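# A look at the structure
In case you want the letters, here they are:
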Amino acid sequence: MDKKQDKDLRIEKKIRCEKELRDALWRIYGCDIAEATQKQVYRALCIVVRELLTEKNRLYFNEAAREERKEVYYMSMEFLVGTNLRNNLSNLGLESEYRKVLASHGFDIDAIYEIEPDAGLGNGGLGRLASCYMDAATGLELPMTGFSIRYEFGIFKQKIVDGWQMEFPDNWLEMGDVWLRPREDDAVEVKFGGEVREWVDNGKFKVAQVGYNSIIAMPHDMFISGYDSGAANRLILWSAKLPRSFDMAAFSRGDYVRALEQNAMAETISKVLYPADDHIQGKRLRLKQQYLLVSASLQSILKKHFKKYRTYTNLPDKVAIHINDTHPALCVPELMRILVDELDFGWEEAWDITCRTLSYTNHTVMSEALERWNVDLFREQLPRVYSICVEINRRLIEGLQQAYPNDWGKINYMAVISNNEVHMANLCLAACHAVNGVSKLHTDILCNGIFRDYCQLKPERFLNVTNGIAYRRWLCQSNPLLSDYLSGLIGDGFQKDASELEKLMKYREDSSVLAELRRIKRLNKIRLSDLIAEQNGVRVDPDSIFDIQIKRLHEYKRQLLNILHVLYLYRKIKAKPDAAVVPRTFIFAAKASAGFVRAKQIISLIVAVSNFINADADVRDKLKVVFIEDYRVSLAEIIIPAADISEQISVAGKEASGTGNMKLMINGAVTIGTLDGANVEIHEQVGDENIFLFGMKAHEVEALWQRGYNPGEFLTQELRDVLDMLTSGELGQRFDDLVNSLLTKRFGVADAYMTVADFNDYARAQREVAKTYADAELFAKMSLTNIAKAGIFSSDRSVGEYARNIWKLK
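Below you will find a few notes about this structure.

### Remarks on the overall build of the protein chain
Within the protein chain, the regular secondary structure consists of 33 helices and 25 strands. Against the 2.2 N^0.38 benchmark of 28 Å for 810 residues, the protein chain shows a C-alpha radius of gyration of 27 Å, consistent with a compact globule. Seen through its principal axes, the protein chain has C-alpha atoms that stretch 90 × 75 × 60 Å. In the protein chain, of all internal contacts separated by at least 6 residues, the share reaching a separation of at least 24 is 75%. Of the roughly 32,400 Å² that the protein chain leaves accessible, carbon and sulfur atoms contribute 50%. Across the protein chain, the mean location of the 105 positive side-chain charges is 2 Å away from that of the 112 negative side-chain charges.

Here it is as structure tokens:
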């Protein structure tokens, strides 16, 4: 194609884009673009894009149906989608055209992007990973449908009030509903409560759930685009309501509240992501959410399958259902219930279909995250599902007795039901044909640790798929300065194939390339500095080290280790105010679960240290601390390109993988971290000289626990002085509970995540950071290497491995 043809095509494309936008504005608002408001333009543009994706989805799945391709259904309680408009326009190749169209009418597309709220349907890495995999599957043109809940309020909006995290509703649907297409005609019934009735009819055992409460689950489609792809997939989100939402009789007799309250109670099921479960009502609601997701989704999948194939016996050949962590583990008994009770399959055949259809990803070794439900609560809400679990457990124990005769401790540990609890991970392990971890280390811990007994029975079921990221969002869209520069330097092939980033390595000794990478990083740091000045009222130096820790707040992620080290640095500077230091800015962003008091205390400490240090004129030009509130995907898109140092400092053996480490790496941040999760594989890629490692390895952590860990053995005077600051009140408040958690045994354990044990080596690694950063050329080489070696962490690679090794897609 010559230049004239290319120009003509671009002009034609721009004209078509403008016409589609004008048509949408007239159809929806009855106005032309010249009269439209910014919000009207936003909604009209979203609808244009949604309609393009709807049609692309129709054509793609018609073709997949003709070819009888196997389809994947990805079940997850979380999909942390973030914002859609920019991502979809970029993937469709329409971003530059609409930028020009809007500019010609006086609109800034970046201001339009700002209107869109994050679809915060997730809490952290689990939900973001699910969204990355939907993007990747679509880009790879794999037929994949996601299932979750259309939470009316997603992950909460975080505000720091007097140093304490407060949670406020996140009404994302106010402007985010434009991406959803409701399908009332495809709503399904989900049954809760009641009792199980059993009888024999013509020699066949029959079961029915009677006296139940009926909830209607309605699907809402959110269409997912893929980069330069002929496909569009769907994320189906379920909302809950009563079959009869209005009690006319109650209203007629003046009982107006009662007329509406039953439907309001039903709608609570899809009201809030992860309701607090430190009380029985919260636990009951969480269980209802999980069952609504599973039952509605499986009914939908089986209905579609039968309509196409007129049989269920080929379900494992045409359908792969993937359980993302234990929240959707009810897929196991619910699929059995439908096959046995509603479709008249015998138990053995139903079990064979169930096992060959389902697969499971484990995301944690943390015991509290391996869900267990009290038997009484489970039986109360899901009586028939419970009786199926009882039968699964009976048959499982029969088999385990043969494998491990008389080893009742082991059998009890592996049972689906034991100690008056239903164990959801064991439910998945008992049924699923494939079980995977999400990093090499994590999978090794599963197979040699918490799932060892299952792995010994059938080792071929267990495999690893290291997590990956939707790098086009995190590099190409979030960091256009770097992406454009890389395209000019090594070509734009990396935008389709992340392994092409490796070409950057040949420029590692090129001073002009290193200088340009430093310039781009500084511009991104200026952008973040401006945001911090606006939101926090703090001026930070873009020439200082931007040391960044952004992730869910949990003790094992050890934000506490980081902030204690900040105070350690502060004391060093105060002791020798004239000593030369490399200026540093420590940036935190994190949300703590609403009921997690310890995590909230750590946020409070970070905020207190920030206020304390930033107010001290003696250190103001050497050390700054910032906590940016309300961490979310769109905020991460600004923070990540500006990072010099990526804090990945969990105690070894606790972080399953991590994906923030990958997003920061591909933007040129250098990791300071333990050999935990995917840090191990990052280290394999970049080598010793391009990462700052510290701390004990996983086997050393385990050995120390076995020996008997006493934090006092590792407590230096310098760290003791830091801890004294927490209890003296000089930070504006006291943090005795945090200090006690490190030094005093609670539940028989002091310093459960070995913060004290790793502190000295962390301080050593941080000294190495400062020394290296002072050599601008050397640090730029490290940054370049991290970018070049990040391609393997693309979600395209991860999803390809799932497709080949677990879902068995052609």
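### Quick notes on helix 31 (residues 755-773)
With 19 residues, helix 31 extends 25 Å between its outermost C-alpha atoms, agreeing within 8% with the 27 Å of an ideal straight helix rising 1.5 Å per residue. The sharpest bend along helix 31 reaches about 30 degrees and sits at Asp761.

### Observations regarding the side chain of Glu78
Secondary-structure assignment places Glu78 in the loop between strand 1 (71-75) and strand 2 (79-82). Buried and unpaired, Glu78 has no salt bridge, with Arg552 as the nearest side chain of opposite charge at 7.1 Å. A polar side-chain atom of Glu78 sits 2.6 Å from the main-chain amide nitrogen of Asn123.

### Here's the deal with the nonpolar core
Judged by nonpolar contacts, the single largest core of 211 residues is most densely connected at Leu85, Phe378, Leu528, Ile628 and Trp807. The dominant element in this core, judged by the number of residues it contributes, is helix 10 (residues 280-309), at 10 residues. Sequence-distant contacts of Ile628, defined by excluding residues within four places in its chain, comprise Leu528, Leu531, Ile532, Gln535, Asn536, Ile587, Phe588, Ala589, Leu635 and Ile639. Core analysis: the second largest hydrophobic core is formed by 67 residues, Ile563, Phe694, Leu738 and Val739 among them.

### Let's talk about unusual backbone geometry
If you check the backbone angles, Glu68 has positive phi at about 55 degrees while not being a glycine. Mapped onto the secondary structure, Glu68 falls in the loop between helix 2 (38-66) and strand 1. Positive phi, normally seen in glycine, also occurs at Glu141, with a value near 60 degrees. Its relative accessible area of 34% is what places Glu141 among the partly exposed residues.

### Quick word on the packing of aromatic side chains
Taken as a whole, this structure holds 16 aromatic pairs when the rule is applied. Relative to Phe612, the ring of Tyr570 lies with its centre 5.2 Å away and its plane at 65 degrees, an arrangement referred to as edge-to-face. Taken together, the residues Tyr570 in helix 23 (residues 559-575) and Phe612 in helix 24 (residues 597-614) connect sequence positions 42 residues apart. Among the aromatic residues, those joined into a ring-pair cluster are Tyr74, Phe79, Tyr133, Tyr802 and Trp807. The ring of Phe546 is capped by Lys525, whose NZ or CZ atom sits 4.8 Å from the centre of that ring. The aromatic ring of Phe156 is capped on one face by Lys591, whose charged end is 5.3 Å from the ring centroid.

### What to know about a negative patch on the surface
Judged by side-chain charge, Glu63, Glu67, Glu141 and Asp228 come together as a negatively charged surface patch. Among the secondary structure elements, Glu63 is positioned in helix 2. On the basis of relative accessibility, which here comes to 37%, the residue Glu63 falls in the partly exposed class.

### A word on the pattern of salt bridges
The final tally for this structure, using the stated rule, is 56 salt bridges. The residue Arg27 makes a salt bridge to Glu51 at a minimum N-O spacing of 2.7 Å. With Arg27 in helix 1 (residues 3-29) and Glu51 in helix 2, the pair connects residues that are 24 residues apart, well separated along the chain. For Glu51, a relative accessible area of 37% gives the class partly exposed. Residue Arg797 is joined to Glu801 by a salt bridge in which the shortest nitrogen-to-oxygen separation is 3.6 Å. With Arg797 and Glu801 both in helix 33 (residues 795-805) and 4 residues apart, the pair spans about one turn of that helix. Judged by relative accessible area, Glu801 falls into the buried class, the value being 19%. The network of salt bridges with common partners includes Arg181, Arg183, Asp186, Asp221 and Arg234.

### Comments concerning the state of the cysteines
Structurally, a disulfide amounts to a covalent bond that connects the sulfur atoms of two cysteines. The final tally for this structure, using the stated rule, is 0 disulfides. A disulfide-free cysteine, Cys389 has its sulfur positioned 11 Å from the sulfur of Cys428, the nearest such atom. For Cys389, a relative accessible area of 0% gives the class buried. There is no disulfide at Cys432, and the cysteine sulfur nearest it, in Cys428, is 4.8 Å away. The class for Cys432 is buried, based on a relative accessible area of 1%.

### Quick notes on the side chain of Gln381
In this structure, Gln381 sits in helix 14 (residues 375-381). By relative accessible area, Gln381 is classed as buried at 8%. A distance of 2.6 Å separates a polar atom in the side chain of Gln381 from a polar atom in the side chain of Glu380. With near-sequence residues (within four places) excluded, Gln381 lies in contact with Phe192, Gly193, Arg284, Leu287 and Lys288.

### With respect to the environment of Ala592
Turning to its location among the elements, Ala592 is positioned in the loop between strand 21 (584-589) and helix 24. A relative accessible area of 1% means that Ala592 is categorised as buried. Sequence separation between Ala592 and Glu167 is 425 residues; the distance between their C-alpha atoms is 9.6 Å. With near-sequence residues (within four places) excluded, Ala592 lies in contact with Phe156, Gln158, Gln165, Leu553, Ala599, Lys600 and Ile603.

### Digging into the environment of Arg10
Looking at the secondary structure, you find Arg10 in helix 1. In this structure the C-alpha to C-alpha distance between Arg10 and Met696, which are 686 residues apart in sequence, comes to 56 Å.

What counts, and where the lines are drawn
Residues numbered from 1 in each chain as written. Predicted model: local features only at pLDDT ≥ 70, side-chain atom pairs only at ≥ 80, totals over all residues. Heavy atoms only, no water. Helix = DSSP H or I, 4+ residues; strand = E, 2+ residues; numbered from the N terminus. Rg over C-alpha atoms; globule rule 2.2 N^0.38 Å. Contact = heavy atoms within 4.5 Å. Areas by Shrake-Rupley, 256 points an atom, 1.4 Å probe, with all protein chains shown as cover. Lys, Arg positive; Asp, Glu negative; His and termini not counted. Charge placed at Lys NZ, Arg CZ, Asp CG, Glu CD. Expected span 1.5 Å × (residues − 1). Bend = angle between axes of the 7 residues up to and from the residue. Buried < 20%, exposed > 50% of the residue type's maximum accessible area, 1.4 Å probe, protein only. Salt bridge = Lys/Arg side-chain N within 4 Å of Asp/Glu carboxyl O. Polar contact = N/O pair within 3.5 Å; in protein donor to acceptor, adjacent residues only side chain to side chain. Core = buried A, V, L, I, M, F, W, Y, C linked by side-chain atoms within 4.5 Å. Phe/Tyr/Trp six-rings, centres within 6.5 Å; stacked < 30°, edge-to-face > 60°. Lys NZ or Arg CZ within 6 Å of the ring centre and 35° of its normal. Patch = residues over 30% accessible without salt bridge, like charges linked within 9 Å, V, L, I, M, F, W, Y side chains within 5 Å. Disulfide = S-S within 2.5 Å.

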